Amino acid sequence: MMGKVLILLLVEIKKSGEKFSTELVGKTKAEKKSNLEKYTAERWGVSDDKIDIGNADPKAMAECFSKIDGVITDHPELADRLANGGIFVASASDMRMMTGSSDSVAFSDGNGVAFNQKFWGAERERVDPNGFHVQNSVQSDTATHEMAHILERDLARKMGMSPQEEAQAMRTQQLSRQMVNDALVSTSSTDAEIIRGVKNSSPRERRGWSDSDAISFFNNASSEQQNAMRTVSISRYASAKPSETFAEAFTDVRVNGNNANSLSQAIMQEYRRLAGGLMLNIPQFIDKGYDSFDESSQIFNAVPLADAPNWVHEEYGELKKTLSKDNNAGVRAF
Ligand SMILES: [Zn+2]
């Protein structure tokens, strides 16, 4: 009996310590698909009808799953969310129903993850994350980003919220808003980050500015504008709304470690503080600036409040133009 328990224990330990294998097993695409689904489902303890990569390229999906596996290794509690919501590949039109845009690369409601077939098929459209997403990230880091939305939702649970309160917290972005705002107050950005933030923000002409012009522009800006520029120094998509700032900060830290943007690191420190239960009550945040987007918004439908400061309307106009016009695939929202 003892021996059997010990062997089982050793097998468990070996399994949990094994690196995720992106090597595909099987001759045909159908076999590779089915084996990959079984392998991941078993590894995460998810029922295998909850993982379906549809017609996506198994190799591309294996890369995404490897990123998801890394997150689950550090946050094993998230496997339950996947067991609930599942991982699916959706058609571009289904994606439009979920996010409002058929160009969303992937989507998470905080339980499961949906990947847009259009970007993950064998002849998929490529996403160039440069500038729009965090430095040094690649297309499969989309999966890391989506896991951050699941982490945010699970934070609500960790803080004792009911499923209804969780859903409400996701809609209002209450927790990501709090983490981002607290991180902005508690940390300062380096000169390099400030320069990147100024140049990454709108209008586009700023990209041609000299470093010293960028720094002096920042120093003369209001603190609201400074915070917007510091946020956009993580990535342009990070400035879309607080839940995206959180997701991009999470991705930044996973991709770049100690070299991640200092704001990203501070946001994840806020996460750990909240997840650790040190925060007993949640202050109400007054919507302003980019935070004043219609709370039901997807980025394309979002509108600033009529009485938001002028710079919000200006930045919003620029962001919307960038998102709809720029034919660089990197500007797609997800
Ligand atoms: Zn997102």
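In what follows, the accompanying structure is described.

Rules used throughout
Each chain has its residues counted from 1, running along the sequence as written. Thresholds applied to this predicted model are a pLDDT of at least 70 for local features of residues and 80 or more for the giving and counting of side-chain atom pairs; totals over whole chains, interfaces and linings are not thresholded and use all residues. Elements are defined by DSSP. Helices are runs of H or I of four residues or more, strands are runs of E of two residues or more, and each kind is numbered from the N terminus. The exposure scheme places C-beta atoms from the backbone and then counts, for each residue, the other C-beta atoms within 10 Å of its own, assigning buried at 20 or more, exposed at 12 or fewer, and partly exposed in between. What counts as a contact is two residues whose backbone-derived C-beta atoms lie within 7 Å of each other. In this analysis, the expected span of each helix is defined as 1.5 Å times one less than the number of residues it contains. Each nonpolar core reported here comprises buried Ala, Val, Leu, Ile, Met, Phe, Trp, Tyr and Cys residues connected via C-beta atoms within 7 Å. Each domain's limits were defined by an automated method or a database of domain assignments.

Points about the overall build of the protein
Then, in step 1: Each helix and strand in the protein was counted, giving 15 helices and 4 strands.
Then, in step 2: Split into buried and exposed, the 334 residues of the protein put 41% on the buried side.
Then, in step 3: When contacts within the protein are restricted to residue pairs at least 6 apart in sequence, long-range pairs at least 24 apart make up 67% of them.

Brief notes about the environment of Met-268
Then, in step 1: Secondary-structure assignment places Met-268 in helix α14 (residues 262-275).
Then, in step 2: Between the C-alpha atom of Met-268 and that of Val-253, which follows or precedes it by 15 residues, the distance is 8.0 Å.

What to know about α14
Then, in step 1: Taking 1.5 Å of rise per residue, the 14 residues of α14 would be expected to cover 20 Å, and the 20 Å separating its terminal C-alpha atoms lies within 8% of that figure.
Then, in step 2: What α14 keeps buried is the set Leu-263, Ser-264, Ala-266, Ile-267, Met-268, Glu-270 and Tyr-271.
Then, in step 3: Contact partners of the buried residues in α14: α7 (141-158), α9 (174-186), α12 (223-232) and α13 (242-256).

Things to note about the nonpolar core
The nonpolar side chains of a soluble globular protein tend to be buried with one another.
Then, in step 1: In this structure, Met-61, Phe-115, Phe-246, Ala-249, Phe-250 and Ile-267 are the most contacted members of the largest nonpolar core, which totals 66 residues.
Then, in step 2: Taken domain by domain, the makeup of this core includes at least three residues from each of domain 1 (21-126) and domain 2 (161-327).

Some points on helix α10 (residues 191-200)
Then, in step 1: With respect to burial, α10 is a largely interior element, 7 of its 10 residues being buried.
Then, in step 2: Listed in full, the buried residues belonging to α10 are Ile-194, Ile-195, Arg-196, Gly-197, Val-198, Lys-199 and Asn-200.
Then, in step 3: Against the buried residues of α10 lie α11 (211-220) and α12.

Remember that the coordinates give geometry; whether it matters functionally is a separate question.
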